[in-house]
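Okay, here's what each chain looks like letter by letter:
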Amino acid sequence: MRSSCCRNLRTAIKAANLHHIRVGGSGSLYQSRHLSSSSHHLLTEDLKSTFLNVYSTLKSDLLHDPSFEFTDESRLWVERMLDYNVPGGKLNRGHSVVESFKLLKEGEELTEEEIFLSCALGWCIEWLHAYFLVIDDIMDSSVTRRGQPCWFRVPQVGMVGINDGILIRNHVHRILKKHFRGKPFYFDLVDLFNEVEFQTSCGQMIDMITTGEKDLAKYSLPVHRRIVQYKTSYCSFYLPVACALLMAGENLENHVDVKNVLVDMGIYFQVQDDYLDCYADPETLGKIGTDIENFKCSWLVVKALERCSKEQTEILYENYGKPDPSNVAKVKELYKELDLEGVFKEYESKTYEKLIAAIEAHQSKAIQAVLKSFLAKIHKRQK
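Rules behind the numbers
Residues numbered from 1 in each chain as written. Predicted model: local features only at pLDDT ≥ 70, side-chain atom pairs only at ≥ 80, totals over all residues. Heavy atoms only, no water. Helix = DSSP H or I, 4+ residues; strand = E, 2+ residues; numbered from the N terminus. Buried < 20%, exposed > 50% of the residue type's maximum accessible area, 1.4 Å probe, protein only. Contact = heavy atoms within 4.5 Å. Disulfide = S-S within 2.5 Å. Polar contact = N/O pair within 3.5 Å; in protein donor to acceptor, adjacent residues only side chain to side chain. 1 Å grid on protein atoms, 1.4 Å probe; cavity = no way out; pocket = protein on both sides within 12 Å on 5 of 7 lines; lining within 4 Å. Points joined across faces, edges and corners; volume = space filled by probe spheres on them. Nonpolar A, V, L, I, M, F, W, Y, C, P; charged D, E, K, R; others polar. Salt bridge = Lys/Arg side-chain N within 4 Å of Asp/Glu carboxyl O. Patch = residues over 30% accessible without salt bridge, like charges linked within 9 Å, V, L, I, M, F, W, Y side chains within 5 Å. Areas by Shrake-Rupley, 256 points an atom, 1.4 Å probe, with all protein chains shown as cover. Phe/Tyr/Trp six-rings, centres within 6.5 Å; stacked < 30°, edge-to-face > 60°. Lys NZ or Arg CZ within 6 Å of the ring centre and 35° of its normal.

Some thoughts on the overall build of the protein
Point 1. Helix and strand content of the protein: 16 helices and two strands.
Point 2. Looking at the protein residue by residue over its 383 residues, the buried ones come to 51%.
Point 3. For the protein, long-range pairs separated by at least 24 residues make up 80% of all intrachain contacts whose partners lie at least 6 apart in sequence.

See below:
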């Protein structure tokens, strides 16, 4: 079955000019402590096109899954639901699997099967992320997602969206079973996805419980770190690299140090998100920040609580989490008094140096390249 999928993609893969997807040896771009501005553009446009073609193949597999007798109506529903929710984002998580695997191969040309399987794993992560978004939007009563109405807001969907989310989640393991069951790392893959799904769900639980209490006294840096570690770091940063390591024949138990670096990178990413929510130009960011109004356990409010005088703390308690623009303005004015913009810039500089040091301490130049490619994508980002 797996080989037939590869044959179906043969034309698309050949069109991608695969002789151009080789990467440099273990030295080259990644020796410098300064990340190349182009080091994170590892996927050619042709290979990105191939990635999208793999989505079409996987979707077709799912729409003709022999374990369920589809009607025309149910098949159209699932196809529409998948197209609406799975491929609509930036696809960074999915692309990262292919990028990381290429770097781990250290200059070897990828076979057709390796390209297909690394793309398929990338899509498994995108499927898992889509599942979380569909369910989160319902829990949060959100209105829009990726510039369009949330799936459950679409006419005729409503609470059917809960079951749609469950279907999306189940698709991950249908894909793994169909295309990886014969691989020696199949059970490690299944365990990895189950583990990360559990950790992410627990992170979401902590976030909702903490935020729901609406008590600033509960907010602290360790609480913020714990939420982010479980809700963001494992799924968005560790999972793509772990998939690539398993494909490359590595034992994940031997790469705990890699996991730790990626968890810290995910926390850095979320701190950036918290900062940009308040300080970025909404046109650049693509949305209007609402962390203050929504009483989020943001890095900014945690740092403000650490630095506030008694009088400033009272202002924060009186205004944080209230939707009125005048309350939001008072919180932002307090952030300005506390120079949280400067505090963030100092944090970013120190965090970057710590991450680089941790990455360069790794003995494998290929793994250094993987980790530096991730860091290059997020360092000093504006959106």
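Examining the state of the cysteines
Point 1. Enumeration over the complete set of coordinates arrives at zero disulfides.
Point 2. Counting only cysteine sulfurs, Cys 243 is the nearest neighbor of Cys 124, a cysteine outside any disulfide, at a range of 7.5 Å.
Point 3. Judged by relative accessible area, Cys 124 falls into the buried class, the value being 0%.

Points about helix α12 (residues 299–307)
Point 1. Within α12, the full set of buried residues consists of Trp 299, Leu 300, Val 301, Val 302, Lys 303 and Ala 304.
Point 2. Taken together, the buried residues of α12 touch α9 (221–247), α10 (256–279), α13 (310–319), α14 (325–337) and α15 (340–360).
Point 3. Where α12 starts, the residue carrying a side-chain oxygen 3.1 Å from the main-chain nitrogen of Leu 300 turns out to be Ser 298.

Some words on empty space enclosed by the protein
Any empty space left between the atoms is revealed when a probe the size of a water molecule rolls over them.
Point 1. By the definition in use, this model includes three cavities of 30 Å³ or more.
Point 2. Of the voids in this model, the largest cavity is the one considered here, and its volume is about 100 Å³.
Point 3. Around the largest cavity, the lining residues are Tyr 84, Asn 85, Ala 130, Leu 133, Val 134, Asp 137, Arg 145, Arg 146, Gln 148, Pro 149, Cys 150 and Trp 151.
Point 4. Across the lining of the largest cavity, the residue classes break down as seven nonpolar, two polar and three charged.

A word on the pattern of salt bridges
Point 1. One pass over the full model with this rule turns up 15 salt bridges.
Point 2. The residue Glu 79 makes a salt bridge to Lys 59 at a minimum N-O spacing of 3.2 Å. A residue pair is termed long-range when its members are at least 10 positions apart, and Glu 79 in helix α4 (residues 72–85) and Lys 59 in helix α3 (residues 45–63) qualify at 20 residues.
Point 3. Here Lys 59 falls in the buried class, since its relative accessible area comes to 11%.
Point 4. For Asp 264, the salt bridge identified is with Arg 225, shortest N-O distance 2.9 Å. One end of the pair, Asp 264, is in helix α10; the other, Arg 225, is in helix α9, and 39 residues separate them in sequence.

Digging into a nonpolar patch on the surface
Point 1. On the surface, a cluster of nonpolar side chains totalling about 270 Å² of accessible area is made up of Met 159, Ile 162 and Ile 166.
Point 2. As for its placement among the helices and strands, Ile 162 is situated in helix α7 (residues 160–180).

A short note on the layout of surface pockets
Point 1. Volume-wise, the second largest pocket comes out at about 460 Å³.
Point 2. Residue lining of the second largest pocket: 18 residues in total, with Arg 225, Ile 267, Tyr 347, Thr 351 and Lys 354 positioned closest to the centre.
Point 3. Within the residue set of the lining of the second largest pocket, elements represented by two or more residues are α9, α10, α12 and α15.
Point 4. With eight residues, the top contributor of residues to the lining of the second largest pocket is α15.
Point 5. Class assignment for the residues of the lining of the second largest pocket results in 10 nonpolar, two polar and six charged.

Points about the packing of aromatic side chains
Point 1. Scanning all chains against the criterion turns up 21 aromatic pairs.
Point 2. Relative to Trp 151, the ring of Tyr 84 lies with its centre 5.1 Å away and its plane at 50°, an arrangement referred to as tilted. Residue Tyr 84 is located in helix α4, and its partner Trp 151 is located in the loop between β2 (148–149) and α7; the two are separated by 67 residues in the primary sequence.
Point 3. For the pair Tyr 131 and Phe 132, a centre-to-centre distance of 5.0 Å together with 40° between the ring planes defines the contact as tilted.
Point 4. A relative accessible area of 10% places Phe 132 in the buried class.
Point 5. By way of ring pairs, the aromatic residues Tyr 268, Tyr 275, Tyr 279, Trp 299, Phe 344 and Tyr 347 are connected into one cluster.
Point 6. One Lys or Arg, Lys 377, reaches over the ring of Phe 374 and ends 5.1 Å from the middle of that ring.

Without other data, these values stay purely geometric and don't point to any function.
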